[in-house]
Amino acid sequence: MADQQARPGEDKRPSGIPVIRWEEPPEGPVLILLDQTRLPSEEVELVCTDASALVEAIRSLAVRGAPVLGIAGAYGVALAAARGFDVDEAAEALESARPTAVNLSLGVRRGLAAYRDALAATGDPTAAATAALASAQALHREDAEASARMAAHGLALLDELMPGGGHRVLTHCNTGALVSGGEGTAFAVALAAHRVGRLRRLWVDETRPLLQGARLTAWEAARSGMAYTLLTDSAAGSLFASGEVDAVLIGADRIAADGSVANKVGSYPLAVLARYHHVPFIVVAPVTTIDPDTPDGVSIEVEQRPGFEVTEILTPQATAMGGGGGVPLAPLGTQAYNPAFDVTPPELVTAIVTEEGAVSPVTPEALAALCAQGRATPAV
């Protein structure tokens, strides 16, 4: 089988451009993003000088992934405040940029609350902008710490479910350092298994239509020296049938109060396959992704993406021939169904792993207790 082989004992931690960072050059503060649409061919940065530029970066998926969207949202509020823009208007635009990702709205609201509280206390917009920035930076640090704790809890669960190591894990979309202030969510668990020599194979779904698995997860796996193999999304059934999958690890963009999980479209079919083949289906996400205000899966708003993402291939090197700037795959005028996410019901989820621990079986009561525990844990 032609694939990427592991290099025992080697852990090439990514040392390139940070996913997101705040800088203050002489001309004014900026938020700098690693443009994920250009990976893996090149590492290019986007410089956002206002919230509208950040909104466009979020919508175009230049920055993506639930935890880092929360961080970006908080920094976006701070950026608007520091540059003297209408902070409430900026917050509203940021919060609506991607409706399914609950962390984005939470990050925006956290930054906005810090700004408003400081403004009410001091009457000084500069002090309020400083408070918004401190809030964003604290969220950034907290997410990095949460990532490490999720990885530890997830690895412990894998070892409990599959004693002896040799884990063969299937993942979907991208859940590594590109989506986090730390090393990610689901990918961080696989990376932790790799570091202790217990990951035998990481199966990477290419993740149509924008290929976040092929472009991003494979890129992160290669940089970390992991044994990985890329497959088309439609090949997953064959992989399960051949007995080559020990567990599925995915992230989440929103988890409803009943345990329904919204994640990148294609996750639900994996859950069905996993249940039929008696394979654990594990969701890894921070507590902030659990939304107690969304009662069930039906209540989750699923973002609908442009049809050209399906009818065209979009790559940095593509000749701009189609309506979306890519190479056409379908006849002109073809209609496309392109939900960004699907929803997996809780009965198909073996466990949900957070920085506060894992819950299994997944029930509303267990999730509520986990959320309460998270709120009681002091921020770091």
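Please read all numbers here as calculations on a predicted model, not as lab measurements. (Residues numbered from 1 in each chain as written. Predicted model: local features only at pLDDT ≥ 70, side-chain atom pairs only at ≥ 80, totals over all residues. Heavy atoms only, no water.)

Asks: Would you take a moment to explain the overall build of the chain for this structure?
Replies: Scanning the chain from terminus to terminus reveals 11 helices and 16 strands. A compact globule built from 380 residues should have a C-alpha radius of gyration of about 21 Å, and the chain, at 20 Å, falls within 12% of that. By its C-alpha atoms, the chain is 65 × 55 × 45 Å across when sized along the principal axes. In the chain, which comprises 380 residues, the proportion classed as buried is 53%. Put simply, the chain shows about 15600 Å² of open surface, and 55% of that area lies on carbon and sulfur atoms. Here the chain holds 27 positive side-chain charges and 45 negative ones, and the gap between their average locations is 5 Å. (Helix = DSSP H or I, 4+ residues; strand = E, 2+ residues; numbered from the N terminus. Rg over C-alpha atoms; globule rule 2.2 N^0.38 Å. Buried < 20%, exposed > 50% of the residue type's maximum accessible area, 1.4 Å probe, protein only. Areas by Shrake-Rupley, 256 points an atom, 1.4 Å probe, with all protein chains shown as cover. Lys, Arg positive; Asp, Glu negative; His and termini not counted. Charge placed at Lys NZ, Arg CZ, Asp CG, Glu CD.)

Asks: Explain the packing of aromatic side chains here, please?
Replies: One pair of aromatic rings is described through two measures. These are the centre distance and the angle between the planes. Summed over all chains, the structure comprises one aromatic pair. Seen from their ring centres, Trp22 and Tyr75 are 6.0 Å apart, and the 20 degrees between their planes marks the pair as stacked. Pair noted here: Trp22 is in strand 1 (residues 20–23) and Tyr75 is in helix 2 (residues 66–82), with a separation of 53 residues, a long-range link. Taking the relative accessible area as the measure of exposure, Tyr75 reaches 4% and is therefore buried. (Phe/Tyr/Trp six-rings, centres within 6.5 Å; stacked < 30°, edge-to-face > 60°.)

Asks: In this structure, what is going on with the nonpolar core? I would like to understand it.
Replies: Nonpolar side chains in soluble globular proteins generally cluster together in the buried interior. Formed by 46 residues in total, the largest nonpolar core has its most connected members in Ile20, Leu31, Leu33, Leu54, Ile58, Tyr75 and Leu94. Broken down by secondary-structure element, the contributors of at least two residues to this core are strand 1, strand 2 (30–34), helix 1 (51–59), helix 2, helix 3 (87–95), helix 4 (102–122), helix 5 (125–161) and helix 7 (212–223). Apart from residues no more than four positions distant in its own chain, Leu33 is found in contact with Val19, Ile20, Val44, Glu45, Leu46, Cys48, Leu54, Ala57 and Val63. (Core = buried A, V, L, I, M, F, W, Y, C linked by side-chain atoms within 4.5 Å. Contact = heavy atoms within 4.5 Å.)

Asks: Is there a simple way to explain helix 1 in this structure?
Replies: In an α-helix, one turn spans 3.6 residues; hence positions three or four apart end up facing the same way. For helix 1, the full list of buried residues reads Ala51, Leu54, Val55, Ala57 and Ile58. The buried residues of helix 1 all sit within an arc of 160 degrees when viewed along its axis, so they share a single face. If you follow the buried residues of helix 1, they end up packed against strand 2, strand 3 (45–48), helix 2, helix 3 and helix 4. In the stretch just after helix 1, Leu61 is the one whose phi turns positive, near 70 degrees. (Arc of directions from axis to C-beta.)

Asks: Quick question: what am I supposed to make of the confidence of the model for the chain here?
Replies: Parts of the prediction with low pLDDT should not have their coordinates interpreted in detail. In the predicted model, the chain carries a mean pLDDT of 92, and 91% of its residues have values of at least 70. Here residues 6–15 is modelled with pLDDT under 50, and outside its nearest four sequence neighbours on either side it reaches 19 contacts, counting other chains as well. (pLDDT = per-residue confidence, 0-100.)

Asks: Teacher, can you tell me more about the environment of Ala235 here?
Replies: Within the secondary structure, Ala235 is located in the loop between strand 6 (228–231) and helix 8 (236–241). The exposure class of Ala235 is partly exposed, given its relative accessible area of 28%. Each C-alpha atom, one on Ala235 and one on Thr217, is 17 Å from the other, the two residues being 18 residues apart in sequence.

Asks: It is not clear to me how the pairing of strand 1 should be interpreted in this structure. Could you clarify?
Replies: Consecutive side chains along a regular strand alternate between the two faces of the sheet. Side chains Ile20 and Trp22 of strand 1 all project onto a buried face; the interleaved residues Arg21 and Glu23 project onto a face where none is buried. Alignment of strand 1 against strand 2, held across four bridges, turns out to be antiparallel. Looking at the pairing, Arg21 lines up with Ile32 of strand 2. Here strand 1 hands over to strand 2 after six residues, with Gly28 in that stretch at a positive phi of 130 degrees. (Pairing = 2+ DSSP bridges.)

Asks: Can you walk me through the sheet that holds strand 3 in this structure?
Replies: Two orientations exist for strands paired in a sheet by backbone hydrogen bonds: parallel and antiparallel. With respect to topology, three strands assemble into an open sheet ordered 1-2-3, the strand pairing being antiparallel. With partners counted over all chains shown, the strands left at the sheet margins are strand 1 and strand 3, one partner each. Across the sheet, the mean angle separating the axes of adjacent strands is 25 degrees when strand polarity is ignored. Where strand 2 lies against strand 3, four bridges are found, and the strand directions are antiparallel. Bridge pairing links Leu31 to Cys48 in strand 3. The sheet strands contacting helix 2 are strand 1, strand 2 and strand 3, and the helix crosses strand 1 at an angle near 15 degrees. (Axes fitted to C-alpha atoms, helices over the stretch in contact; angles between N-to-C directions.)

Asks: Which parts of the structure should I look at to understand the environment of Ala118?
Replies: Turning to its location among the elements, Ala118 is positioned in helix 4. Assessed through its relative accessible area of 13%, Ala118 is described here as buried. Put simply, Ala118 and Ala336 are 218 residues apart on the chain and 47 Å apart in space, counted from C-alpha to C-alpha. With near-sequence residues (within four places) excluded, Ala118 lies in contact with Gly123, Ala127, Ala128 and Ala131.

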